[in-house]
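Letter by letter, the chains look like this.
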Amino acid sequence: MKKPLLVFLAFLLAILAAGCDIVPPLPTASPPATSLPPITPTPHDTISLTILYTDDEHGWMEGQEDGMGAANLMGLWRQKFGYHPDDPHYLVLSGGDNWTGPAISTWFNGESMVEVMNAMGYDASAIGNHEFDFGLETMKSTIATAKFPYLAANMRRKNDGQVPTDLGILPYTILDTGDLKVGIIGLANLITPKVTNPANVEEFEFMPYVETLQEAVPQVREKGADVVLVISHLCNQELRHTAAKTKDLGIVLFGGGHCHETLAEQAGDAVLLTGGPYLRTYAWANLTIDPDSGKLVDAQYDVETNQGGPADPTIAAIVKRWREETDATLGDPIGYLSETLPEGSEPLLKLVTETWLLGYPNADVAITNRGGVRDDLRAGPITIGDIISVMPFNNVLIDMKMTGAQIEAFMNDQREKVFAGGIHQEGDQWVLNRTGAPLQEDQVYRVLVNDYMYAGGGSYQKLAEYDPNGYDTGIDWRQPVIDWIIAQNSTPEQPLDEAIRALGKQKQD
Ligand SMILES: [Zn+2]
């Protein structure tokens, strides 16, 4: 990035030295990072690629705030980068976790989000842990609707050691820009089994990043790739580590994800990018590549906010159609109840917290604030709209770690304000339902809370002090409740009441 400035300074010095008083022309070399990057091939036969990078979209096609959705991002990219989906010198890439999030995406198993990403011209996505959330069969059918590949070179079936291409997952892809073959290798996160339902990934193992790249990079080069990029669901720290350990492989770009961070920096001869969650931000890089060596000649890169972009009409129309479909499902009955569960009652709070644990079985304990559950769940047919009335806030689940002593202290302090699933009291002791054993003071448990509590809403500041690295699952806190109710297949003759009373009673295996 310093090059244009140096050229300009040298030019100025030359003029001054010559004692000449002509006005120097404005520099015509690359503009600074914040302005429009050049996209046409530059001299010396180098080739320019513009990378537009997002991750952890979590279905937020509508944006968490007005003007920050997918349509705005598309408009912004068109305006700022001259982006056109059909121009092969632009690569739109994702670090994964595309789907799990608000109803507009989750209720359609991510298919709505894939349609949006298709229209935005995404070229590839890494596999995030949440791509597994809806089960393998559903994942396969959602991936089948994508016009771009999902990549994870390090995800292997335990029985044959192969990447599960039958599910639509590829180790890598090679894109031809006409003047350059670009190999893109995907990496899933090693902790995937711990941050989705483990049952959905039990037939797979996740191989170490560096070894996987050492194996895959020569393969893509053999298949003709002139230049190699990596997209991944790796947090910044492990992304930097992986880049440092694979310097000799000549990879020019590493994209990350998962930890809801942003990143745009150069490491050796590569650029590292992480776009940040929920389409609120994105990362970009303009790479100038020597096609003979496959190496970077120059690079500009940055992270920017998705703000001020004019809504792209095509994307806006797709999002609007899915919004209408979402709203149309609000009145559909998903179950039946014969007796009203009053606001604040134990069965209602159990329905919330115990279904979180069933939907996210990595956690041991689930704690919600009573104030977030604020309506009766009335007798009769239950609709999704009713669940939204009971749980009106747009919270997501945070997976955090607490010791037994911290859980006890928190529950004893906040007894009036919170309710816990997964544990119960016997005398003075808190007992883990799953094992029937009292909480151990020093043992670390995984606890689900909502993001309002984790962010210190009410007076819950302690939670983030106990664990500053709580994991934002991106899962809407109502989703496990809805999923469980649907799975009971209740009818007016066989209502839910009995099943709700049984929640959390039996030991779970
Ligand atoms: Zn993730």
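Given the structure is predicted, the values throughout are model-derived calculations rather than measurements.

### Things to note about the overall build of the protein chain
- Along its length, the protein chain carries 15 helices and 24 strands.
- Computed over the C-alpha atoms, the radius of gyration of the protein chain is 26 Å, within 12% of the 23 Å expected from 2.2 N^0.38 for a compact globule of 509 residues.
- Along the longest, intermediate and shortest principal axes, the C-alpha atoms of the protein chain span 90 × 45 × 45 Å.
- Expressed as a percentage of its 509 residues, the buried residues of the protein chain come to 54%.
- In the protein chain, once contacts between residues fewer than 6 apart in sequence are set aside, the share between residues at least 24 apart is 74%.
- Entry remark: accessible area of the protein chain is about 21,500 Å², with carbon and sulfur atoms responsible for 52%.

### Details of the sheet that holds strand β13 (residues 270–274)
- Spatially, six strands are ordered β7-β8-β10-β11-β13-β12 in an open sheet, and the strand pairing comes out mixed. Looking at which strands have only one partner, the edges of the open sheet turn out to be β7 (172–176) and β12 (263–267). Each strand of the sheet is rotated relative to its neighbour by a mean of 20°, with strand direction disregarded.
- One ladder, built from five bridges, connects β12 with β13; its direction is antiparallel. What sits directly across from Ala267, in β13, is Ala270.
- Each of β10 (227–232), β11 (251–255), β12 and β13 touches helix α7 (residues 236–245); the most contacted strand, β13, lies at about 165° to it.

### A short note on the state of the cysteines
- The final tally for this structure, using the stated rule, is one disulfide.
- The disulfide that involves Cys235 links it to Cys259, with 2.0 Å between the sulfurs. Here the disulfide of Cys235 and Cys259 is right-handed, its torsion about the S-S bond being about 70°. Residue Cys235 is found in the loop between β10 and α7, and its partner Cys259 is found in the loop between β11 and β12; the two are separated by 24 residues along the sequence.
- Given the relative accessible area of 10%, Cys235 is considered buried.

### Quick look at the sheet that holds strand β6 (residues 169–170)
- Pairing in this open sheet of seven strands is mixed, and the strands run β6-β4-β3-β2-β1-β14-β15 from one edge to the other. This sheet does not close on itself; its edge strands, each paired only once, are β6 and β15 (295–305).
- The sheet contact formed by strand β3 (residues 122–126) and strand β4 (residues 150–151) spans two bridges and is parallel. Bridge pairing in β4 places Ser125 opposite Tyr150.

### Remarks on the coordination of the zinc ion
- Summarising the metal site, the zinc ion is bound by the protein donors Asp97 (OD), Asn129 (OD1), His233 (NE2) and His258 (ND1), whose distances to it range over 2.0 to 2.1 Å.
- When the donors of the zinc ion are listed by position in the chain, the intervening gaps give D-x31-N-x103-H-x24-H. Here Asp97 is found in the loop between β2 (90–94) and α3 (103–106), whereas its partner Asn129 is found in the loop between β3 and α5 (136–144), with 32 residues between them in sequence. The residues Asp97 and Asn129 share a single accessibility class, namely buried.

### Regarding the pairing of strand β8 (residues 181–187)
- Burial analysis of β8 places six of its seven residues in the buried class, the great majority of the element.
- As paired strands, β8 and β10 are joined by six bridges and run parallel to one another. Across the sheet, residue Leu187 finds its bridge partner in β10, namely Ser232.

### Details of helix α14 (residues 479–487)
- Those residues of α14 lying buried are Gln479, Pro480, Val481, Ile482, Trp484 and Ile485.
- Asn489 lies just past α14 and shows a positive phi near 50°.

### Concerning the environment of Lys505
- Position of Lys505 among the secondary structure elements: in the segment after α15 (497–502).
- Looking at Lys505, the relative accessible area reads 61%, which means it is exposed.
- Spatially, the C-alpha atom of Lys505 lies 9.5 Å from that of His424, the residues being 81 residues apart in sequence.

### A word on the pattern of salt bridges
- Counted by the stated rule, this structure contains 18 salt bridges.
- The partner of Glu215 in a salt bridge is Arg156, and the shortest N-O contact between them spans 3.6 Å. With Glu215 in helix α6 (residues 209–222) and Arg156 in strand β5 (residues 155–157), this pair connects stretches of sequence that are 59 residues apart.
- Overall, the relative accessible area of 12% leaves Arg156 in the buried class.

### Considerations on the confidence of the model for the protein chain
- Here the protein chain averages 90 in pLDDT, and 91% of its residues register 70 or above.
- Scored below 50 in pLDDT, residues 1–32 makes 23 contacts in the model with residues more than four places away or belonging to other chains.

### Digging into α6
- Along its 14 residues, α6 runs 20 Å from first to last C-alpha, staying within 8% of the 20 Å computed at 1.5 Å per residue.
- Along α6, the residues that are buried comprise Tyr209, Val210, Thr212, Leu213, Ala216, Val217 and Val220.
- Where the residues of α6 are buried, they touch β5, β7, β8, β10, α7 and β11.
- Looking one or two residues beyond α6, the residue adopting positive phi is Gly224, at roughly 105°.

Quick notes on the rules
- Residues numbered from 1 in each chain as written.
- Predicted model: local features only at pLDDT ≥ 70, side-chain atom pairs only at ≥ 80, totals over all residues.
- Heavy atoms only, no water.
- Helix = DSSP H or I, 4+ residues; strand = E, 2+ residues; numbered from the N terminus.
- Rg over C-alpha atoms; globule rule 2.2 N^0.38 Å.
- Buried < 20%, exposed > 50% of the residue type's maximum accessible area, 1.4 Å probe, protein only.
- Contact = heavy atoms within 4.5 Å.
- Areas by Shrake-Rupley, 256 points an atom, 1.4 Å probe, with all protein chains shown as cover.
- Pairing = 2+ DSSP bridges.
- Axes fitted to C-alpha atoms, helices over the stretch in contact; angles between N-to-C directions.
- Disulfide = S-S within 2.5 Å.
- Donors = N, O, S within 2.8 Å, 3.2 Å for Na, K, Ca; no water.
- Salt bridge = Lys/Arg side-chain N within 4 Å of Asp/Glu carboxyl O.
- pLDDT = per-residue confidence, 0-100.
- Expected span 1.5 Å × (residues − 1).

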